[in-house]
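# Report on the structure
Here are the chains, one letter per residue:
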Amino acid sequence: MSIHLKLRTQSGAALFVAMLFLLILSFLGGVLLSSANQGLKVVSAMGDRLGAENVLEGEMDQLIMEPSLQSLIGSMPAASSMSASSVVPGVDGTLSHTVDNVCSRSINASSNNAISQCRYIRVVADKSYGKGARAATSLAAGIEQPLL
């Protein structure tokens, strides 16, 4: 018995299709890696921004709780401003005396205990963040001091 093996010639179409699929999958993998990298950059930038906002809120709280702030506000001339770092070191911002007017808030307001005048100070503080400190966020607050 003799077995004759029949040899067939192949044209290589399966190899071509497999290489084409590998090329497409490699391209998609590169695109996914690139988009994941962009997502990491966005998350990192958001974390830097939130960190800067938290630091800014802490500095603003420290400024408002400063014991010497009341006397500084009382001694500020009308329509003047001063650096916030002169009150609390490291705070980048300004204190601006804008207007003296009637107090807008009172805990137990009545005609018997109404305070007729208030000194209003606007505080604006800024904080830079991010790569090379190219971005910035700011926080503004108003402080009223009753005048007796």
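In this convention, every chain numbers its residues from 1, walking through the sequence in written order. Given that the model is predicted, a residue must reach a pLDDT of at least 70 before its local features are reported, and side-chain atom pairs must reach 80 or more before they are shown or counted; all residues, however, enter totals for whole chains, interfaces and linings. The side-chain values count all of the structure's non-hydrogen atoms but skip hydrogen atoms and water molecules.

So, about the pattern of salt bridges. Basic side-chain nitrogens of Lys or Arg form a salt bridge, by our definition, when they fall within 4 Å of a carboxyl oxygen of Asp or Glu. Scanning the model with the defined rule gives two salt bridges in all. Of the charged contacts, one joins Arg49 and Glu53 as a salt bridge, the two residues approaching to 3.3 Å between their closest N and O atoms. Of the two residues, Arg49 and Glu53 both sit in helix H1 (residues 13-64), four residues apart, roughly one turn of that helix. For Arg49, a relative accessible area of 35% gives the class partly exposed. Put simply, DSSP marks the helices as runs of H or I at least four residues long and the strands as runs of E at least two long, and each gets a number from the N terminus on. In this scheme, a residue with accessible area under 20% of its type's maximum is buried, one over 50% is exposed, and one in between is partly exposed, where area comes from a 1.4 Å probe on protein chains only.

This part covers H1. For the α-helix, the turn length of 3.6 residues means that residues three or four positions removed from each other point alike. To estimate how far a helix should extend, the number of its residues minus one is multiplied by 1.5 Å. When the terminal C-alpha atoms of H1 are compared, their 77 Å separation across 52 residues agrees well with the 76 Å that a helix rising 1.5 Å per residue should span. Within H1, the full set of buried residues consists of Ala52, Leu56, Glu59, Met60 and Leu63.

For the rest of this paragraph, the subject is the confidence of the model for the chain. pLDDT gives the predictor's per-residue confidence on a scale running from 0 to 100. The predicted model of the chain averages 81 in pLDDT, with 81% of residues at 70 or higher. No element of the chain has a lower mean pLDDT than strand S2 (residues 92-101), at 79, and none a higher one than H1, at 89.

Attention now goes to unusual backbone geometry. Phi at Ala133 takes a positive value of approximately 50 degrees, unusual for a residue other than glycine. Along the chain, Ala133 falls in the loop between strand S3 (117-129) and strand S4 (135-147).

Here we come to the side chain of Arg119. Structurally, Arg119 can be placed in strand S3. One polar contact links the side chain of Arg119 to the main-chain carbonyl oxygen of Ile73, over a distance of 3.1 Å. Distance and chemistry together define a polar contact, namely a pair of N or O atoms within 3.5 Å, with one atom able to donate a hydrogen and the other to accept it when in protein, and with adjacent residues in sequence counting only for side-chain atoms on both sides. In terms of polar contacts, Arg119 uses its side chain to reach the backbone carbonyl oxygen of Met76, at 3.1 Å.

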